[in-house]
Amino acid sequence: MIITAAAEAAAEVVVRVREYDPEKDAEEVTEVERRCEVGPSGKMSLFTDLLGDPLCRIRHSPAYLMLVAEIVEDEAQKGRIVGMIRGCIKTVTCDKKLDRSSSNGARRHLPVYAKVAYILGLRVSPSHRRMGLGLKLVKKMEEWFVQHGADYSYIATENDNHASVNLFTNKCGYSKFRTPSILVRPVFAHRVRVSGRASIIKLSLSDAKKLYRRRFSTTEFFPRDIDAVLHNHLNLGTFLAVPKDSGYGPDSWPGPEKFLCNRPESWAVLSIWNCNEAWRLELRGASWAKKGLVRTTRLVDRALPWLGVPSFPELFKPFGLHFLYGLGGEGLRATEMIRALCGYAHNMARKHDGCSVVATEVSSQEPLKLGIPHWKRLSCDEDLWCVKRLADEYSDGSLGDWTKSPPGISIFVDPREF
């Protein structure tokens, strides 16, 4: 497809938007990524290292595509890449409905699914901005979404990224939709204390799938292919916390069916995803004084771990993270149980070289948020998700418009898209 853009150096240029070719484009795409990640002068900025794989943020999704925009002088020749965009499609829960086939009179809800597309990794080289390339890339990606039956498309961006918000809400027809919180905790050199009042059980893959489907399938954005998520090699496991005196434990686990039929008064669950092996981050622009302070806190923490010094992690060289997802639970002590699980996850992360932080993303209204330890200066209280309706009906034929629905208490953040 050939698209004519604005003038470059007072002459008309031709922009071609095409599919990314891993064998031919990887080096050039990496260079564009590098040029785009130039932080503001005098300020610290976060950079992403894709470890040589431009598809690493989307390749674990059921369907995905990466497009590049290139400047061409001769349509028969390869052009110069100046922009890119990534997208993926999956089926998720967008609503719930009453199960009218239930024979025992219980009010049971079933998920309403929609095929949802996600846009990420939109980049345009600084030398070719304000030429409409971002808009062209989005439109071309949306064409692919529609061709593959997507009902909705959504994006995640920072609230203060005005250029991104303006592009999607003012030019592409997206609406501000959800404002989840990203909570980040540094991985200390010392082990953190896990409450002795909680018993932690690692669930088998089979039990994790059953628990999530039985208990969380009506949660907004719950992925219909949860089995694929849990079976992915980046998934480190699913863990359940219950009060020590509940009668449940690693040696007395009855399985998810019996557990849900006779639940303890409080419990919590989460899963852990190893982003460390897929991509890494790096904080640049820090002064030597700040770097020295960080090293000092780490040295003290390693030398005197019994003090429990809250040392700042090594973020000034490429570092990895573990992402906590599928958080849920209930009961008066659920926040205590989720705090115990977060401590357990922190101590797991200590054993992985290069893993400097543990992060999660939850609904801004999530009650369990109070039990998730995090550092405010590393976290984002309000991420911004914007959504656009692409189809007239949901995939299963149910009527309604998800873009106009109020936010729920909880949200399921797919680790493949974090």
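This structure is a prediction, so every number in the text was calculated from the model and none was measured.

## Topic: the state of the cysteines
In total, this model carries zero disulfides according to the counting rule given. Free cysteine: C275, not disulfide-bonded; nearest cysteine sulfur from C355 at 8.8 Å.

## Digging into the packing of helix α2 (residues 133-147) against helix α3 (residues 162-171)
Interhelical geometry of α2 versus α3 gives an angle of 55° and a closest axis separation of 11 Å. Comparing their axes, α3 and α2 come out oblique. The two elements α2 and α3 cross, and the hand of that crossing is right-handed. Touching G134, L135, V138 and K139 of α2 are L167, F168 and K171, all from α3. Here the contact of α2 with α3 is composed, by residue class, of four nonpolar, one polar and two charged.

## Comments concerning the packing of aromatic side chains
Per the stated rule, a full pass over the model turns up 21 aromatic pairs. Each ring, one from Y154 and one from W385, has its centre 5.4 Å from the other, and the planes form 45°; the classification is tilted. Highlighted residues: Y154 in strand β7 (residues 152-158) and W385 in strand β16 (residues 383-389), separated in sequence by 231 residues. Here Y154 and W385 have matching classes, each one buried. Both rings, one in F221 and one in W385, keep their centres 5.1 Å apart while their planes meet at 80°; by these two values the pair is edge-to-face.

## Considering the side chain of T93
With respect to the helices and strands, T93 occurs in strand β5 (residues 80-98). Separated by 2.7 Å, the side chain of T93 and the backbone oxygen of S217 make a polar contact. Contacts of T93, omitting those with residues within four sequence positions, involve P111, V112, Y113, S217, T218, T219, E220, F221, F222 and W402.

## Observations concerning α2
Here α2 is 15 residues long and its end C-alpha atoms lie 21 Å apart, about the 21 Å a rise of 1.5 Å per residue gives. All of the buried residues along α2 are L133, G134, L137, V138, M141, E142, W144 and F145. At the C-terminal side of α2, G149 shows a positive phi close to 80°.

Here is what the cut-offs are and how they apply
Residues numbered from 1 in each chain as written. Predicted model: local features only at pLDDT ≥ 70, side-chain atom pairs only at ≥ 80, totals over all residues. Heavy atoms only, no water. Disulfide = S-S within 2.5 Å. Axes fitted to C-alpha atoms, helices over the stretch in contact; angles between N-to-C directions. Helix = DSSP H or I, 4+ residues; strand = E, 2+ residues; numbered from the N terminus. Parallel < 35°, antiparallel > 145°, perpendicular 65-115°, else oblique. Left-handed = near helix turned anticlockwise from the far one by under 90°. Contact = heavy atoms within 4.5 Å. Nonpolar A, V, L, I, M, F, W, Y, C, P; charged D, E, K, R; others polar. Phe/Tyr/Trp six-rings, centres within 6.5 Å; stacked < 30°, edge-to-face > 60°. Buried < 20%, exposed > 50% of the residue type's maximum accessible area, 1.4 Å probe, protein only. Polar contact = N/O pair within 3.5 Å; in protein donor to acceptor, adjacent residues only side chain to side chain. Expected span 1.5 Å × (residues − 1).

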